Amino acid sequence: MTQQQKQWPLYEVFIRARSGLEHKHVGSIHAADATMAIEHARDVYTRRQEGVSIWVVRSADIIASDPADADALFEPAKDKVYRHPTFYEIPDEVKNL
Amino acid sequence: MEATSAASDVLRRYALTIGDTSLILAQRLGEWIGHAPALEEDLALANIALDLLGQARYLLSHAAQLQGGGTEDDLAFLRDPQDFLNLSLVEQPNGDFGETIVRQFLIDAWQLELFERLQQSSEPKLAELAAKAIKETRYHFRFSSGWMVRLGDGTEESHRRVQTALDALWRFTHEMFVASPVEQEAAALGIGPDPASLAAGWASRVEEVLQEATLKRPADVAYSWHGKRGQHSEHLSRLLAEMQIMQRTYPGAQW
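Residues numbered from 1 in each chain as written. Chains lettered and ligands numbered in written order. Predicted model: local features only at pLDDT ≥ 70, side-chain atom pairs only at ≥ 80, totals over all residues. Heavy atoms only, no water.

### Some remarks on the confidence of the model for chain B
Low-pLDDT stretches of the model should not have their predicted coordinates read in fine detail. We count it as follows: Along the chain, pLDDT gives the predictor's confidence residue by residue, from 0 to 100.
Per-residue confidence for chain B gives a mean pLDDT of 95, with 98% of residues at or over 70. With pTM at 0.90, the complex prediction returns an ipTM value of 0.83.

### As for helix α5 (residues 97–118) of chain B
All names here are of chain B. Note the cut-off: Numbered from the N terminus, helices here are DSSP runs of H or I no shorter than four residues, and strands are runs of E no shorter than two. Each residue after the first adds 1.5 Å to the expected span of a helix. Think of it in three bands: residues with accessible area under 20% of the maximum for their type are buried, residues over 50% are exposed, and the middle band is partly exposed, with areas taken using a 1.4 Å probe on protein chains only. Any pair of N or O atoms that falls within 3.5 Å is considered a polar contact. Within protein, one atom must be able to donate a hydrogen and the other to accept it, and sequence-neighbouring residues count only if both atoms are side-chain atoms.
In this model, α5 (22 residues) spans 30 Å end to end at C-alpha, consistent with the 32 Å of a helix rising 1.5 Å per residue. The buried fraction of α5 amounts to 19 of the 22 residues, a majority that puts the element mostly inside the structure. Between the side-chain oxygen of the N-cap and the backbone nitrogen of G98 there are 3.1 Å, and the N-cap of α5 in question is D96.

### Digging into the layout of surface pockets
As a reminder of what qualifies: Using a 1 Å grid laid over the protein atoms alone, points where a 1.4 Å probe fits but cannot get out form a cavity; open sets with protein on both sides within 12 Å along at least 5 of 7 lines form a pocket; any residue with an atom within 4 Å of a point counts as lining. Grid points are joined across faces, edges and corners, and a volume is the space filled by probe spheres set on the points. Residue classes follow a fixed rule: Ala, Val, Leu, Ile, Met, Phe, Trp, Tyr, Cys and Pro count as nonpolar, while Asp, Glu, Lys and Arg count as charged, and any other residue, Gly among them, counts as polar.
A volume near 870 Å³ is recorded for the largest pocket. Taken together, 30 residues form the lining of the largest pocket, with L53(B), D73(B), F77(B), M243(B) and W255(B) sitting closest to its centre. Elements supplying a minimum of two residues to the lining of the largest pocket: α1 (2–30), α2 (39–66), α3 (72–77) and α10 (234–249) of chain B. Of the residues forming the lining of the largest pocket, the biggest block, eight residues, is contributed by α2(B). Of the residues that constitute the lining of the largest pocket, the class distribution is 18 nonpolar, six polar and six charged. In this structure, the second largest pocket occupies an estimated 270 Å³ of space. If you go around the second largest pocket, the residues you meet are R42(A), T46(A), R47(A), Q49(A), N47(B), L50(B) and D51(B). Residues belonging to the lining of the second largest pocket are distributed by class as follows: one nonpolar, three polar and three charged.

### Re the nonpolar core
For clarity, the threshold we go by: Side-chain atoms within 4.5 Å are what join buried Ala, Val, Leu, Ile, Met, Phe, Trp, Tyr and Cys residues into a set we call a nonpolar core. We call two residues contacting when some pair of their heavy atoms lies within 4.5 Å.
Ranked by size, the top nonpolar core spans 85 residues in total, and within it Y14(B), L106(B), W110(B), F115(B), M176(B) and W202(B) carry the most contacts. Those residues in contact with Y14(B) that lie beyond four places of it in its chain are L114(B), L118(B), L126(B), V182(B), E183(B), A186(B), I191(B), G192(B) and P193(B).

### What about empty space enclosed by the protein?
Residues and elements named next belong to chain B. Tallying each qualifying case throughout the model produces one cavity of 30 Å³ or more. Roughly 90 Å³ of volume is contained in the largest cavity. Taken together, 13 residues line the largest cavity, and the ones lying closest to its centre are Y14, W110, L114, E183 and P195. Elements with a minimum of two residues in the lining of the largest cavity: α1 and α5. When residues of the lining of the largest cavity are assigned to their parent elements, the largest contribution, four residues, is made by α1. A class-by-class count of the residues in the lining of the largest cavity yields eight nonpolar, two polar and three charged.

### A closer look at the side chain of H140(B)
By secondary structure assignment, the location of H140(B) is in helix α6 (residues 124–152). Discounting residues that sit within four places of it in the chain, H140(B) has contacts with I48(B), D51(B), L52(B) and D108(B).

### Some words on the packing of α6(B) against helix α9 (residues 199–212) of chain B
Residue and element names in this part refer to chain B. Test applied: In this analysis, axes come from line fits to C-alpha atoms, helices being fitted only over the stretch in contact, and the angle between any two N-to-C directions falls in the range 0 to 180 degrees. Crossings are sorted by hand: turned counterclockwise from the far helix by less than a right angle, the near helix makes the crossing left-handed, and turned clockwise it makes it right-handed.
Closest axis-to-axis distance for the α6/α9 pair is 8 Å, and the angle between their directions is 35°. Seen from above, α6 lies across α9 with right-handed handedness. Contacts between α6 and α9 involve F141, S145, M148 and V149 from the former and R205, V209, L210 and E212 from the latter. Residue classes in the contact of α6 with α9 are distributed as five nonpolar, one polar and two charged.

This is the structure in structure tokens:
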């Protein structure tokens, strides 16, 4: 516990690679606060021009689904192939679909 | 012709004056790699070191070109301490993390003033370098001043440590603003700013952060160190011994 208290809180890092793209999760860093988290994210994850924008969020603030609930949450979608939009014939004239 | 070569010699020595400061500081920061208090700070210091090394490479390459022989590597690895023209401040040992931050902060504030002005240099090469370096330096200053406030306005111990480091390193700052013969000539030719003209901007930048960090500005000491004139503390010899050993032992070695 004392060891944990000495560690800076964990932040999750999201980087937008180019304008127009969405932010993607790239990893996590430790930092004392939000300002430092952005700087650490910049120093750790954008050294090779990986991004043009950074989001950080306290890992503790992320609410995650419980892996134990996976059956109830995700299994029911398995046999509903008709939800995939693959049953249409696309006319040749339609571009960019 | 005579005048041209004299001007190019001033430019060469001026490029070394600025370039050596970046080079030696890069080497010092490199010593932290694998030793910083956190992985993230390790990378941050290495990133800053690489920015500085990039500046040094650009300036030393240019200096090598102007002297009409040799390379940036010859200048970095084969010169003796008395031929280095860096500020005495950057050769000072790292000390603890706080001391490294104080040294960085004092230099960053100075480089901000320098590169701001150097963008108007009559030498396109220097103006180009300054335009690139100012962006890097703005981040360095953000990093170092951020830590100054965290440590200064942090715990009792962190405050004591940075104040002690500040008191110890302050005496080296005077040199930044006292023109060496090279800088005097460079200023006369419009190559670089008169160092004295950077003092006011530097002081107000520094004081603003010190105040936020609840740190006390030490009293000014008139004594000037003379790194820019090639007169160095013994720390530089040791630093160079480590930095140069490969090229000195295996001249021309490549990898």
